[in-house]
Amino acid sequence: MTRLPRENLPEGMGGHGGTPVWRQPGFDPHDCPVRNILDHVAAKWTVLILLELHIGPQRFNALLRALPDISRRMLTQGLRDLERDGIIDRTVFDTRPPAVEYRLTALGQSLMQPLLALVRWSADHGDVIAVARQRFRP
(Lines give C-alpha, C1' and ligand atoms only; values in the text may rest on other atoms or scores of the structure.)
Protein backbone atom coordinates (compact mmCIF):
# COMPACT_ATOMS: atom_id res chain seq x y z
CA MET A 1 0.00 0.00 0.00
CA THR A 2 1.37 3.40 -0.97
CA ARG A 3 1.61 5.86 1.88
CA LEU A 4 1.13 9.54 1.18
CA PRO A 5 2.97 12.14 3.24
CA ARG A 6 0.57 13.54 5.81
CA GLU A 7 1.58 17.11 4.98
CA ASN A 8 0.20 16.65 1.44
CA LEU A 9 -3.27 15.69 2.66
CA PRO A 10 -5.98 18.21 3.54
CA GLU A 11 -6.64 18.69 7.24
CA GLY A 12 -8.67 15.81 8.65
CA MET A 13 -7.85 13.45 5.76
CA GLY A 14 -4.68 11.92 7.17
CA GLY A 15 -5.01 8.77 9.17
CA HIS A 16 -2.66 6.78 11.35
CA GLY A 17 0.91 6.56 10.07
CA GLY A 18 0.18 8.70 7.01
CA THR A 19 -2.43 6.32 5.59
CA PRO A 20 -5.25 8.38 4.08
CA VAL A 21 -8.65 8.00 5.69
CA TRP A 22 -10.09 6.43 2.51
CA ARG A 23 -7.58 3.56 2.73
CA GLN A 24 -8.26 2.65 6.33
CA PRO A 25 -10.18 -0.49 7.28
CA GLY A 26 -13.89 0.12 7.70
CA PHE A 27 -13.96 3.21 5.52
CA ASP A 28 -17.38 3.64 3.87
CA PRO A 29 -16.99 5.31 0.44
CA HIS A 30 -20.70 6.20 0.44
CA ASP A 31 -20.11 8.33 3.54
CA CYS A 32 -17.03 10.15 2.21
CA PRO A 33 -17.50 13.94 2.23
CA VAL A 34 -14.92 14.45 -0.52
CA ARG A 35 -16.59 11.96 -2.86
CA ASN A 36 -20.05 13.26 -2.07
CA ILE A 37 -19.07 16.83 -2.90
CA LEU A 38 -16.88 16.08 -5.94
CA ASP A 39 -19.49 13.77 -7.47
CA HIS A 40 -21.79 16.76 -7.62
CA VAL A 41 -19.55 19.81 -7.97
CA ALA A 42 -17.24 18.31 -10.60
CA ALA A 43 -20.12 17.29 -12.89
CA LYS A 44 -20.03 18.78 -16.38
CA TRP A 45 -23.16 20.92 -16.15
CA THR A 46 -22.49 22.01 -12.58
CA VAL A 47 -19.11 23.47 -13.54
CA LEU A 48 -20.61 25.34 -16.51
CA ILE A 49 -23.49 26.69 -14.40
CA LEU A 50 -21.05 27.90 -11.75
CA LEU A 51 -18.87 29.59 -14.36
CA GLU A 52 -21.91 31.48 -15.65
CA LEU A 53 -23.01 32.50 -12.16
CA HIS A 54 -19.46 33.64 -11.39
CA ILE A 55 -20.05 36.42 -13.95
CA GLY A 56 -23.01 37.59 -11.87
CA PRO A 57 -26.62 36.78 -10.92
CA GLN A 58 -28.59 35.16 -13.73
CA ARG A 59 -32.16 34.25 -14.45
CA PHE A 60 -33.10 30.77 -15.59
CA ASN A 61 -33.63 31.65 -19.25
CA ALA A 62 -30.36 33.61 -19.39
CA LEU A 63 -28.54 30.50 -18.12
CA LEU A 64 -30.40 28.39 -20.68
CA ARG A 65 -29.25 30.73 -23.46
CA ALA A 66 -25.68 30.84 -22.15
CA LEU A 67 -25.52 27.02 -22.12
CA PRO A 68 -27.33 26.15 -25.38
CA ASP A 69 -26.67 22.41 -25.23
CA ILE A 70 -28.13 21.91 -21.73
CA SER A 71 -31.71 20.74 -21.44
CA ARG A 72 -34.24 22.53 -19.24
CA ARG A 73 -34.41 19.41 -17.10
CA MET A 74 -30.63 19.21 -16.54
CA LEU A 75 -30.40 22.94 -15.80
CA THR A 76 -33.26 22.70 -13.30
CA GLN A 77 -31.67 19.68 -11.60
CA GLY A 78 -28.23 21.31 -11.48
CA LEU A 79 -29.64 24.51 -9.99
CA ARG A 80 -31.65 22.57 -7.38
CA ASP A 81 -28.60 20.53 -6.37
CA LEU A 82 -26.44 23.66 -6.06
CA GLU A 83 -29.14 25.40 -4.02
CA ARG A 84 -29.54 22.33 -1.79
CA ASP A 85 -25.80 22.33 -1.10
CA GLY A 86 -25.79 26.04 -0.23
CA ILE A 87 -23.60 26.98 -3.20
CA ILE A 88 -26.21 29.20 -4.87
CA ASP A 89 -29.18 31.23 -3.71
CA ARG A 90 -32.50 31.32 -5.54
CA THR A 91 -34.52 34.53 -5.29
CA VAL A 92 -38.12 34.69 -6.48
CA PHE A 93 -39.36 38.18 -7.37
CA ASP A 94 -43.02 39.09 -6.89
CA THR A 95 -43.75 39.88 -10.52
CA ARG A 96 -46.16 38.52 -13.09
CA PRO A 97 -45.00 36.04 -14.22
CA PRO A 98 -42.71 35.41 -11.24
CA ALA A 99 -39.04 36.01 -12.02
CA VAL A 100 -36.37 33.81 -10.48
CA GLU A 101 -32.72 34.79 -10.14
CA TYR A 102 -29.75 32.66 -9.13
CA ARG A 103 -26.52 33.87 -7.57
CA LEU A 104 -23.48 32.39 -5.87
CA THR A 105 -23.48 32.35 -2.08
CA ALA A 106 -20.34 33.06 -0.06
CA LEU A 107 -19.74 29.30 -0.09
CA GLY A 108 -20.13 29.28 -3.87
CA GLN A 109 -17.72 32.19 -4.20
CA SER A 110 -15.17 30.26 -2.12
CA LEU A 111 -15.45 27.37 -4.56
CA MET A 112 -14.59 29.53 -7.56
CA GLN A 113 -10.85 29.93 -6.90
CA PRO A 114 -10.08 26.19 -7.04
CA LEU A 115 -12.64 25.67 -9.82
CA LEU A 116 -11.13 28.45 -11.95
CA ALA A 117 -7.68 26.97 -11.33
CA LEU A 118 -8.94 23.65 -12.69
CA VAL A 119 -10.49 25.42 -15.71
CA ARG A 120 -7.19 27.22 -16.39
CA TRP A 121 -5.28 23.93 -16.04
CA SER A 122 -7.70 22.30 -18.49
CA ALA A 123 -7.25 25.11 -21.01
CA ASP A 124 -3.45 25.04 -20.61
CA HIS A 125 -3.20 21.26 -21.05
CA GLY A 126 -6.12 20.49 -23.35
CA ASP A 127 -3.92 20.12 -26.44
CA VAL A 128 -1.51 17.76 -24.69
CA ILE A 129 -4.40 15.63 -23.42
CA ALA A 130 -5.99 15.54 -26.90
CA VAL A 131 -2.72 14.21 -28.37
CA ALA A 132 -2.44 11.62 -25.59
CA ARG A 133 -6.01 10.47 -26.27
CA GLN A 134 -5.25 10.06 -29.97
CA ARG A 135 -2.15 7.95 -29.20
CA PHE A 136 -3.90 5.81 -26.60
CA ARG A 137 -4.56 2.22 -27.60
CA PRO A 138 -6.43 0.16 -25.01
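Rules and cut-offs
- Residues numbered from 1 in each chain as written.
- Predicted model: local features only at pLDDT ≥ 70, side-chain atom pairs only at ≥ 80, totals over all residues.
- Heavy atoms only, no water.
- Core = buried A, V, L, I, M, F, W, Y, C linked by side-chain atoms within 4.5 Å.
- Buried < 20%, exposed > 50% of the residue type's maximum accessible area, 1.4 Å probe, protein only.
- Helix = DSSP H or I, 4+ residues; strand = E, 2+ residues; numbered from the N terminus.
- Contact = heavy atoms within 4.5 Å.
- Expected span 1.5 Å × (residues − 1).
- Bend = angle between axes of the 7 residues up to and from the residue.
- Polar contact = N/O pair within 3.5 Å; in protein donor to acceptor, adjacent residues only side chain to side chain.
- Salt bridge = Lys/Arg side-chain N within 4 Å of Asp/Glu carboxyl O.
- Pairing = 2+ DSSP bridges.

As recorded in an unreviewed UniProt entry, the protein chain goes by Winged helix-turn-helix transcriptional regulator and comes from Novosphingobium pokkalii.

A. Broad picture of the nonpolar core. Residues Ile49, Leu50, Leu75, Leu79, Ile88 and Tyr102 are the most contacted members of the largest nonpolar core, which totals 22 residues. Of all the secondary-structure elements, those providing two or more residues to this core are helix H2 (44-55), helix H3 (60-66), helix H4 (72-84), strand E3 (99-104) and helix H5 (106-135). If you tally residues by element for this core, the top one is H2, at five residues. In contact with Tyr102, not counting residues within four places along its chain, are Leu53, Pro57, Gln58, Phe60, Leu63, Leu79, Ile88, Asp89 and Arg90.

B. Broad picture of H5. Over its 30 residues, H5 runs 43 Å from end to end, which matches the ideal 44 Å to within 8%, given 1.5 Å per residue. In H5, a bend of some 55 degrees at His125 exceeds every other bend along the element. Tucked inside the fold, the buried residues of H5 contact helix H1 (33-41), H2 and E3. Its side-chain oxygen placed 3.3 Å from the backbone nitrogen of Leu107, Thr105 serves as the N-cap of H5.

C. Geometry of the environment of Arg84. By secondary structure assignment, the location of Arg84 is in helix H4. A polar contact of 2.9 Å, which involves the side chain of Arg84, links it to the side chain of Asp85.

D. Up close: unusual backbone geometry. That bond from Arg96 to Pro97 is cis: its omega, -10 degrees, falls within 30 degrees of zero. Note that Pro97 resides in the loop between strand E2 (88-93) and E3.

E. Geometry of the pattern of salt bridges. In this structure the tally under the stated criterion is three salt bridges. Ionic pairing is found between Arg84 and Asp81, a salt bridge with its closest N-O pair at 3.5 Å. Of the two residues, Arg84 and Asp81 both sit in helix H4, three residues apart, roughly one turn of that helix. Accessibility expressed as a relative area gives 58% for Arg84, which makes it exposed. Judged by its relative accessible area of 17%, Asp81 falls in the buried class. Here Arg84 ties to Asp85 by a salt bridge, and the two come within 2.9 Å at their closest N and O atoms. The class of Asp85 is partly exposed, set by a relative accessible area of 31%. Among the ionic contacts, a cluster of salt bridges with common partners joins Asp81, Arg84 and Asp85.

F. Up close: the sheet that holds E3. Spatial strand order, E1-E3-E2: three strands in an open sheet with antiparallel pairing. Both edges of this open sheet fall to strand E1 (58-59) and E2, since each of them pairs with a single strand only. Two elements, E2 and E3, share six bridges in a ladder whose sense is antiparallel. Residue pairing across strands places Asp89 opposite Arg103, the latter belonging to E3.

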